[in-house]
Amino acid sequence: MREWIPVPGTAKARLVEAAIHHFETAGYDAVNVTELAAKADVTTGSLYHHFESKLGLYLVVREEMERRVVDRMIGAAAAADGNAASAALLVAFDAAVHFGVCRILAEPLPVPREDPVAGALRPLLPRRLRAAPAILAASWRAALTAVADGVPSATARASLSYLLDGAVRSSARR
């Protein structure tokens, strides 16, 4: 069993559930530790005991959601008939919407580290397009931000798909 997966109903599980809600609703910077702990029906001491800090809790949630999305991207790319990168990003978009973590996955990470979504795209794109994985991941995050800000997911997905189709046409011409 992975370290972070808490037993349902425990303080740790309630903290993770409350964190997903608060980070998704308000974003990392706006989340108040005291309010988050109260929502989980625990003390702030419990939060610090289990996760050491607000950042520690956020990273556990963010990294787990990214792992779930990247796993789906890899599967979609393997099953794609055409553009594997496009299929992977659209499946990643659908997963983020389904999990209800659009803001969490869209906002800038409060600590520097490699972008796992761009990393998953890298082997799916031509080497000559060195910047493409980061640019496409940024477009994906912009679509997630739009959803988090109230744009219907179908509209944001259609816009992302339009951009991805243009990228495919452009790279095919070269």
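The structure we're discussing is the one just above.
For clarity, every value in this text was computed on a predicted model and none was experimentally measured.

A. Geometry of the packing of helix H1 (residues 11-26) against helix H3 (residues 44-51). Running from amino to carboxyl end, H1 crosses H3 at an angle of 95°, the nearest separation of the two axes being 10 Å. By the angle class used here, H1 and H3 are roughly perpendicular. In this structure, H1 contributes Ala11, Lys12, Leu15 and Val16 to the contact, and H3 contributes Ser46, Leu47, His50 and Phe51.

B. Focus on the pattern of salt bridges. This model, assessed by the stated rule, comprises eleven salt bridges. In this structure, the salt-bridge partner of Arg113 is Glu63, at a minimum N-O distance of 3.9 Å. Highlighted residues: Arg113 in the loop between helix H6 (102-106) and helix H7 (116-121) and Glu63 in helix H4 (residues 54-79), separated in sequence by 50 residues. The class for Glu63 is partly exposed, based on a relative accessible area of 39%. For Asp115, the salt bridge is made with Arg141, and the minimal N-O distance between the two is 2.8 Å. Of this pair, Asp115 sits in the loop between H6 and H7 while Arg141 sits in helix H8 (residues 132-148), and the two are 26 residues apart along the sequence. A single network of salt bridges, built from pairs that share partners, joins Arg62, Glu63, Glu66, Arg113, Asp115 and Arg141.

C. Focus on H1. Along its 16 residues, H1 runs 22 Å from first to last C-alpha, staying within 8% of the 22 Å computed at 1.5 Å per residue. Every buried residue belonging to H1 is among Lys12, Ala13, Leu15, Val16, Ala18, Ala19, His22, Phe23 and Glu24, and all of these are buried. Where H1 is buried, its residues contact helix H2 (33-39), H3, H4, H6 and H8. Positioned one or two residues after H1, Gly27 has a phi angle of 90°, which is positive.

D. Summary view of the packing of aromatic side chains. Applying the stated criterion across every chain, the model contains three aromatic pairs. The interplanar angle of 85° and the centroid separation of 4.9 Å between the aromatic rings of Phe23 and Tyr58 together place this pair among those described as edge-to-face. Highlighted residues: Phe23 in helix H1 and Tyr58 in helix H4, separated in sequence by 35 residues. When sorted by exposure, Phe23 lands in the same class as Tyr58, which is buried. Here the guanidinium or amino end of Lys54 rests over the ring plane of Tyr28, the centre of that ring lying 4.4 Å away. The aromatic ring of Phe99 is capped on one face by Arg68, whose charged end is 5.9 Å from the ring centroid.

E. Here's a closer look at unusual backbone geometry. With a phi angle near 60°, Asp41 is a residue other than glycine that sits in the positive phi range. As for its position among the elements, Asp41 is in the loop between H2 and H3. Positive phi values are uncommon outside glycine, yet Glu52 reaches one of about 70°. Structurally, Glu52 can be placed in the loop between H3 and H4. Residue class for Glu52 comes out exposed when judged on its relative accessible area of 68%.

F. Structural detail: helix H5 (residues 84-99). The terminal C-alpha atoms of H5 lie 22 Å apart, and with 16 residues this matches the ideal 22 Å at 1.5 Å per residue to within 8%. Among all positions of H5, only Ala84, Ala85, Ser86, Ala88, Leu89, Leu90, Ala92, Phe93, Ala95 and Ala96 are buried. The N-capping residue of H5, defined by a side-chain oxygen 3.0 Å from the backbone nitrogen of Ala85, is Asn83. In the stretch just after H5, Gly100 is the one whose phi turns positive, near 70°.

G. Expanded view of the packing of H3 against H4. As a packed pair, H3 and H4 sit with axes 8 Å apart at the nearest point and diverge in direction by 60°. As far as their axial angle goes, H4 and H3 are oblique. In the crossing of H3 with H4, the sense of the turn from one axis to the other is left-handed. For the pair H3 and H4, the contacting residues are Leu47, Tyr48 and Phe51 in the first and Lys54, Gly56, Leu57 and Val60 in the second. Taken together, the residues that form the contact of H3 with H4 break down as five nonpolar, one polar and one charged.

The rules behind each value
- Residues numbered from 1 in each chain as written.
- Predicted model: local features only at pLDDT ≥ 70, side-chain atom pairs only at ≥ 80, totals over all residues.
- Heavy atoms only, no water.
- Axes fitted to C-alpha atoms, helices over the stretch in contact; angles between N-to-C directions.
- Helix = DSSP H or I, 4+ residues; strand = E, 2+ residues; numbered from the N terminus.
- Parallel < 35°, antiparallel > 145°, perpendicular 65-115°, else oblique.
- Contact = heavy atoms within 4.5 Å.
- Salt bridge = Lys/Arg side-chain N within 4 Å of Asp/Glu carboxyl O.
- Buried < 20%, exposed > 50% of the residue type's maximum accessible area, 1.4 Å probe, protein only.
- Expected span 1.5 Å × (residues − 1).
- Phe/Tyr/Trp six-rings, centres within 6.5 Å; stacked < 30°, edge-to-face > 60°.
- Lys NZ or Arg CZ within 6 Å of the ring centre and 35° of its normal.
- Polar contact = N/O pair within 3.5 Å; in protein donor to acceptor, adjacent residues only side chain to side chain.
- Left-handed = near helix turned anticlockwise from the far one by under 90°.
- Nonpolar A, V, L, I, M, F, W, Y, C, P; charged D, E, K, R; others polar.

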